[in-house]
Amino acid sequence: MTDGLTTGVPTTGVPILRFEDVNRDFTTPGGWFARRRVLRAVNAVTLDVPAGRVTGVVGESGCGKSTLARLALGLIKPTDGRVSFEGEDLATARRARLRQLRARMQMVFQDPYSSIDPRMTIGDAVLEPFVVQGIRLTGAARAAKAEALLGMVGLDPSLARNHPHHLSGGQKQRVGIARALALEPRLVVLDEPTASLDVSIQAQIVALLEALKARLDLTYLFISHDLALVRYFCDRIVVMYLGAVVEILPSPAAPIRHPYTRALLDSAFVPDPTRRQTLARATGEIPSAFDLPPGCVYAPRCPLADETCRRIRPQLDRSAHPVACHHPLDRAGAGS
Ligand SMILES: Nc1ncnc2c1ncn2[C@@H]1O[C@H](COP(=O)(O)OP(=O)(O)OP(=O)(O)O)[C@@H](O)[C@H]1O
């Protein structure tokens, strides 16, 4: 290796990314009429992301998914705890080292329209990571690399000389994916990569991501609010609620254990009303992240909550299918 990075690719299943008891707080600015307030966006998260797999992170808007993604890439530091990539603590890595590590972990953003500079040619856009890393490519090598990357994501290589306003949303997202893969990363964080696309295009992008993962032996951290999509695409599913991990499904078909996961699944549109489950549907508003309840954070909306839930915060259990719940659905005989 010439870049001084960890030698070898982590074996499939070995954690490539680790969160150890991570908190991340944000402080709102105070002023004449408002006092400073602290919001816990990520709350005591301990999580391994195994190499070569697709780990999904799912939850409603504001549950901390994007904050988790930014922590994973070392773009922000944890308030407490440790985030490590291939064994290296991202918060203590020196700037130059962090830049090297970032070459091995890339992100595909939700909105391809705002993530691509409209003034750049498409070729320059996909090669931007080389510029960020200070890697100079000369004329013929530049053109060949840009064309190869565009071909890899199913775009006509001759588009390299065009500007992105010629492209559709799906084509722009392909450019975003090509750019993320330019430096041959090991980990790709996909932050709602299909959320702003038409349904028919979403399926094509998911198929492309699946094909690229198999071909390039990638690890994905797939962030989404859509549990049905995550269940289709991911090997393992992390369910977040108000900054905390409430359940980790070891496989997409695993029976659901947490009432919140059940409610998330039930909230997906199901045309046949007889198939809609009502047992554990969430009711009411999500409590404010500024003012978390003392017990289970889901208790105010949970139909199964009792006094224990309102008083004592449940921890993720240490089973093969971890859940943070005093009354998991399998114990109540109402799973899946
Ligand atoms: N820079 C910031 N300053 C203050 N609060 C923030 C900041 N970034 C995120 N938050 C807050 O942290 C919480 C988690 O936000 P985050 O964007 O991680 O959630 P999310 O699950 O990704 O939501 P969405 O799906 O809407 O993007 C939210 O309450 C959000 O308002």
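First things first, this report covers the structure right here in the doc. Remember, predicted model here, so these are calculated numbers, not experimental data.

**With respect to the packing of helix α6 (residues 169-181) against helix α7 (residues 199-216)**
Then, in step 1: Running from N to C, α6 and α7 cross one another at 20°; their axes reach a closest spacing of 10 Å. In terms of axis orientation, α6 runs roughly parallel to α7. As for the relative orientation of α6 and α7, their crossing is right-handed in sense. Of the residues in α7, those in contact with Gly-169, Gly-170, Gln-173, Arg-174, Ile-177 and Leu-181 of α6 are Ile-201, Gln-204, Ile-205, Leu-208, Leu-212 and Leu-216.
Then, in step 2: Among the residues forming the contact of α6 with α7, the class breakdown is 7 nonpolar, 4 polar and 1 charged.

**Considerations on the sheet that holds strand β4 (residues 80-85)**
Each strand in a sheet pairs with its neighbour through backbone hydrogen bonds, running either in the same direction (parallel) or in the opposite one (antiparallel).
Then, in step 1: Here 4 strands make up an open sheet; going across it, the order is β2-β1-β4-β5 and the pairing antiparallel. Two strands close off the open sheet at either side, each with one partner strand: β2 (37-50) and β5 (88-89).
Then, in step 2: Bridge analysis of strand β1 (residues 15-28) against β2 gives 10 bridges, and the strand direction is antiparallel. Paired with Asp-25 across the two strands is Arg-40, which belongs to β2.
Then, in step 3: Packed on one face of the sheet, helix α1 (residues 65-72) meets β1, β2 and β4 and runs near 60° to β2.

**Here we look at the pairing of strand β6 (residues 105-108)**
Then, in step 1: Side chains Met-105 and Met-107 project from β6 onto one buried face, and the interleaved Gln-106 and Val-108 project onto a second face that is buried too.
Then, in step 2: Two elements, β6 and strand β7 (residues 187-191), share 4 bridges in a ladder whose sense is parallel. Note on β7: the bridge partner recorded for Met-107 is Val-189.

**Quick word on the sheet that holds strand β8 (residues 219-224)**
Then, in step 1: Pairing within the open sheet is mixed, and its 6 strands lie in the order β6-β7-β8-β3-β9-β10. Each having just a single partner strand, β6 and β10 (244-249) make up the two edges of the open sheet. Taken pair by pair, the neighbouring strands of this sheet meet at an average axis angle of 20°, ignoring direction.
Then, in step 2: Note: β7 against β8, 5 bridges, orientation parallel. Directly across from Leu-190, in β8, lies its bridge partner Phe-222.
Then, in step 3: Helix-sheet contacts for α6 involve β6 and β7, and the interaxial angle to β6 is about 175°.
Then, in step 4: Contacts between helix α9 (residues 259-266) and the sheet are confined to β3 (54-58), β9 (236-241) and β10, with β9 contributing the most and set at about 100° to the helix.

Thresholds, definitions, all that
- Residues numbered from 1 in each chain as written.
- Predicted model: local features only at pLDDT ≥ 70, side-chain atom pairs only at ≥ 80, totals over all residues.
- Axes fitted to C-alpha atoms, helices over the stretch in contact; angles between N-to-C directions.
- Helix = DSSP H or I, 4+ residues; strand = E, 2+ residues; numbered from the N terminus.
- Parallel < 35°, antiparallel > 145°, perpendicular 65-115°, else oblique.
- Left-handed = near helix turned anticlockwise from the far one by under 90°.
- Contact = placed C-beta atoms within 7 Å.
- Nonpolar A, V, L, I, M, F, W, Y, C, P; charged D, E, K, R; others polar.
- Pairing = 2+ DSSP bridges.
- Buried ≥ 20, exposed ≤ 12 C-beta atoms within 10 Å, placed from the backbone.

Read these as spatial facts, not as claims about activity.
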